[in-house]
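Close look at the chain arrangement
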Amino acid sequence: MNQETEPLLRVEEISITFGGLKALNGVSLEVYPGEVMAIIGPNGAGKTTMLNVINGVYTPDEGRIFFEGRERPLKMKPHHVAAMGISRTFQNLALFRGMTTLGNILVGRSQKMHSNFFSQGIYWGLSEKEEVEHREAVEWIIDFLEIENIRKQPAGMLPYGLQKRVELGRALAAEPKLLLLDEPMAGMNLEEKEDIARFVLDANEELNYTIALIEHDMGVVMDICDRIVVLDFGNKIAEGTPEEIKKNPKVIQAYLGTAGG
Amino acid sequence: MFYRECGVLKETYAKDMAIFPIPLDRWGLGVMLVLAFVVIPFTASDYWLSSIMLPFYCFSLAALGLNFLTGYAGQVSIGHAAFMAVGAYSSLILYGRYGVPLPLSIFGGGIFASAAGTIFGIPSLRIKGFYLAVSTLAAQFIIEWVLTHWQWVSGGVFGTIDAPDMYIFGWIIDTPVKKYYLVLCVLTLLTVFGKNLVRGQLGRNWTAIRDMDVAAEIIGVSLFRNKLIAFAVSSFYAGVAGSLITFTYYLAANIEEFNLFLSFHLLGMIIIGGMGTVLGSFFGAGFMTLLPIFINQTLLTIMERVPSDIRANSEAIVFGGLIVFFLIVEPYGMARLWQTIKEKMRLWPFPY
Amino acid sequence: MTFFFEVLISGLLVGVMYSLVAMGFALIYKASGVFNFAQGDMSLLAGLALVGFLTVMPLWLALLCTFAVMTILAYGTVFIIFRPLVARPPLILFMAAIGLSFLIQGIGQAIWGTDAKGLNIGIPEISFEISGIYLNTFDLTFGGVATALVAGLVWFFQKTRTGRALRAVADDHEAALSVGIPLLRAWAVTWVIAGIVATVAGVAWGSRLGVQFSLSLIALKALPVLILGGIDSILGAILAGLLIGASENLAEVFIGPYVGGGIQTFFPYLVALIVLWFKPYGMFGKEIIERV
């Protein structure tokens, strides 16, 4: 990608410790506007921890975080981070199980809905207009992800692959400036993986979303990502294009050393 | 005319998102309204109106309030009776001592209860789950203590205030029928308002917090704000319910009526009726109002006279047994049973 | 100053009882994730049963029969109520425990009656004085029994095979299952132990205040103790019980008169709330790190 431009997100020298264990040790990375970037690494490398730091779930001990060129405080409520324009999917399913697909995706738009308490209670009028407006946006996402037939089913009852897809829809609904995907294809069969890969690419190319994702399937990562950052035991060990990463001896060693291949 | 979705095509999102998208639901609601507003007040005896319908409606309102907090937002409160008490006392004081008009006093009671609920909801910012549930017990005990020990509240007589006669614009509300209409109007208004809240953005935020709070916050739902609103709305409803039941049914604000057991009973109502549904609050409240009468009648068929302890024990056993039964067999309560029946009919005549 | 110590000691002795009830809670919570709201009702049931049996048999046999009742209750609860609820959300289990609480109250009082009953198991109540501080043998006896019970439980969980198996279940349900510890049986044993703890508490309180419905309310006194200590911590339950017993007694005696008295009912909750604000999982509770 064009590395000359200002990064959308820049984290500098992030360190965080859990019970004496350094989960991240001075890790820096950037996400540039318009790219699909991947964070890879063996289990326990600190990938999800990094996303949680970006989202404000964890407050790092040290480091700095910049978004759109402005520094944000290290300690920040996750919903304020969401308001800045960062959305997210989760490694383990984190859908709102009691709600329908529609409801779940509508929650993704909660940052965009502003009708106040009383107009919500009265509904007819202002709130109805807003609800319908957002329903249209959500229906568009439902079409995009091809999940029309399950829109009124409770999310908790859906098969795993579809739940992952609804989660992607929920994140897209926020129309974020930066989309973080934590293992969007984990536990899927080949066909489902290809579907998700297609959605990710479409979101990037047609809808111009900037995406940072964590994924274990190297084939997929190499295919769809512009740039890769490799973490191992809380340290960044490599960064570059898929071609560069493939040849990097440190990366090969990290994977051989822990995952056995 | 069948209850079904087949063949009902909705052409706009607005129609699909209407409060009752299926025609027969609207019909059913119409029938219920006619029943509540016309048939019951003109046919039911004074005993039925004042001893069964009034508490049923008031407890429905309180249960609805608790359902917002517990059923929708997933925050357990075992101190809700205390918020009813705040509503009862403050509305009586507003009306009786300061001459505030009756409707304003009733809603004023709700506002005071809401303030109390919000204060006790603040710990939910940091405390979660059972820790929070137990700390809502603090509300129960602290409020009980304040209401009985603060002389100003009761004017000094054992924490009891008598309810004065009710006038709305000089028109006295004294007969059971008039009281019935007063309570029914408030209930209808607040039910529509509440139903709109839970089917809109606020309701979705609440459910999101209940189901997966961390994810909800990352997606952009402010936990603190939405939880506090849940506490505020929930205790507002409790306060109005407490105010209404005191004005129309108890006729005196007495802390004994709003003890811990009422808090449990409210919780039982929403479990049996159905957590996370508006309808369930009504089912639960109706069930719990009729249960003691039903048990008494049943006992009367096997014995001449029912001693109060046998009645109390039977109530406790049936009540406890039903809570357990519903949790095991149908965790979403009677409302879900009703829903299941409707689902079966919805796809009729093609259940595949 | 002597008066202060008297108040403190009587508070601590009450605190021992709180600790006992809170420990019952913590045991069951640790083992099965059930927040057992019926712990107080179990004490009531034990008291009622003991009084009932004592009218027709000697003390040792009555205690044995009471133990049998608590065992039946434990197995019945686990296999009838909680077996179908395995893997349900904690909130549902909690509400089931509330239902259980009404069931025990209703059934216990239906069998043995609702009237207040005296319970005398022959422990003398003789007051005596040590350097100006009044104590009595009854309180000290039960303080001793409670302490012995706690020590016994600690030994049981640390040293015996069953105890270790129970701890394994508490730490990780699935892992325990995979090494062949039957989950429900382990739960039932835990409920039996909690039943014994409840019995001791019930007998102690029942002998002082009579066995009646209000006995079940000691659970309400134990709840702030429990959350103050941390719901899954036995040690927390013990320390918090003493702390709350002492502080509420001191507060009632020294602050109470200025505000109109009766603050014992909510003072523990106030203390617990304040502590929880700073330590949301109590003094010794296991902190849950949010993982997503």
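The shown structure was predicted, so the numbers you read here are calculated from the model rather than taken from an experiment.

Conventions we followed
Residues numbered from 1 in each chain as written. Chains lettered and ligands numbered in written order. Predicted model: local features only at pLDDT ≥ 70, side-chain atom pairs only at ≥ 80, totals over all residues. Pairing = 2+ DSSP bridges. Helix = DSSP H or I, 4+ residues; strand = E, 2+ residues; numbered from the N terminus. Axes fitted to C-alpha atoms, helices over the stretch in contact; angles between N-to-C directions. Expected span 1.5 Å × (residues − 1). Buried ≥ 20, exposed ≤ 12 C-beta atoms within 10 Å, placed from the backbone. Core = buried A, V, L, I, M, F, W, Y, C linked by C-beta atoms within 7 Å. Domains from an automatic or database assignment. Contact = placed C-beta atoms within 7 Å. Nonpolar A, V, L, I, M, F, W, Y, C, P; charged D, E, K, R; others polar. pLDDT = per-residue confidence, 0-100. Right-handed = clockwise from strand over helix to strand, strands pointing away.

1. Side note on the sheet that holds strand β2 (residues 21-31) of chain A
All names here are of chain A. The strand order β2-β1-β4-β5 describes an open sheet built from four strands, whose pairing is antiparallel. Edge strands, defined here as strands with exactly one partner in the open sheet, are β2 and β5 (70-72). Each neighbouring strand pair of the sheet contributes to a mean axis angle of 30°, computed without reference to strand direction.

2. Some words on helix α4 (residues 90-112) of chain C
Residue and element names in this part refer to chain C. Over its 23 residues, α4 runs 32 Å from end to end, which matches the ideal 33 Å to within 8%, given 1.5 Å per residue. Judged by how many residues are buried, α4 sits mostly within the fold: 17 of 23 residues are covered. After α4 finishes, the residue Gly 113 shows a positive phi value of roughly 90°.

3. Some remarks on the nonpolar core
Ranked by internal contacts, the top residues of the largest apolar core, which has 276 residues, are Ala62(B), Ala85(B) and Ala22(C). Shared between two domains, this core holds at least three residues of each, these being domain 1 (9-85 + 176-259) and domain 2 (98-163) of chain A. With residues up to four places along the chain from it excluded, the contact list for Ala62(B) reads His80(B), Met84(B), Tyr237(B), Ala238(B), Ala241(B) and Leu266(B).

4. What to know about helix α6 (residues 129-149) of chain B
In this model, α6(B) (21 residues) spans 31 Å end to end at C-alpha, consistent with the 30 Å of a helix rising 1.5 Å per residue. Within α6(B), 17 of the 21 residues are buried, leaving the element largely enclosed by the surrounding structure.

5. Examining the interface of chain B and chain A
Contacts between the two partners involve 27 residues from chain B, matched on the other side by 34 residues from chain A. Sorting the residues of the side of chain B that touches chain A by element identifies α1 (13-16), α8 (176-199), α9 (201-211) and α10 (213-219) of chain B as the ones contributing at least two each. Per-element tally for the side of chain B that touches chain A: the top contributor is α9(B), with eight residues.

6. Focus on the sheet that holds strand β6 (residues 86-88) of chain A
All names here are of chain A. If you walk across this open sheet you meet the six strands as β6-β7-β8-β3-β9-β10, and the pairing is mixed. For this open sheet the edge positions go to β6 and β10 (235-240), each flanked by a neighbour on one side alone. Strand-to-strand twist of the sheet, defined as the mean angle between neighbouring strand axes without regard to direction, takes the value 20°. Relative to β10, strand β9 (residues 227-232) is paired through five bridges, and the arrangement is antiparallel. The partner of Val 230 across the bridge, within β10, is Ala 238.

7. Let's talk about the environment of Ser127(C)
All names here are of chain C. When you line up the elements, Ser 127 lands in strand β1 (residues 127-130). The exposed category is assigned to Ser 127, around which 10 C-beta atoms lie within 10 Å. Distance in space between the C-alpha atoms of Ser 127 and Asp 139 is 9.7 Å, their sequence separation being 12 residues.

8. Concerning the interface of chain B and chain C
Chain B puts 33 residues into the contact, and the matching count from chain C is 40 residues. Along the lines of polarity and charge, the residues of the side of chain B that touches chain C split into 25 nonpolar, six polar and two charged.

9. Structural notes on the confidence of the model for chain C
With 99% of its residues at a pLDDT of 70 or more, chain C shows a mean pLDDT of 86. The element-level mean pLDDT for chain C is lowest in helix α7 (residues 173-178) of chain C, coming to 75, with helix α3 (residues 59-82) of chain C highest at 94.

10. Description of the pairing of strand β7 (residues 178-182) of chain A
Residue and element names in this part refer to chain A. The buried count for β7 comes to five of five residues, which makes it a mostly enclosed element. Neither face of β7 is open: one carries Leu 178, Leu 180 and Asp 182, the other Leu 179 and Leu 181, and all of them are buried. Relative to β7, β6 is paired through three bridges, and the arrangement is parallel. Among the inter-strand pairings, Ile 86 is bridged to a residue of β7, identified as Leu 178. Relative to strand β8 (residues 210-214), β7 runs parallel, the two sharing five bridges. Bridge pairing links Leu 178 to Thr 210 in β8. Regarding topology, helix α7 (residues 190-205) serves as the crossover connection from β7 to the parallel β8, and that connection is right-handed.

11. Some details on the environment of Leu8(A)
All names here are of chain A. Structurally, Leu 8 can be placed in the segment before β1 (9-18). Remark: the alpha-carbon pair of Leu 8 and Phe 66, spanning 58 residues in sequence, is separated by 8.0 Å. Leaving out residues up to four positions away in the same chain, Leu 8 has contacts with Val 31, Tyr 32, Pro 33, Glu 68, Lys 177, Leu 178 and Thr 210.

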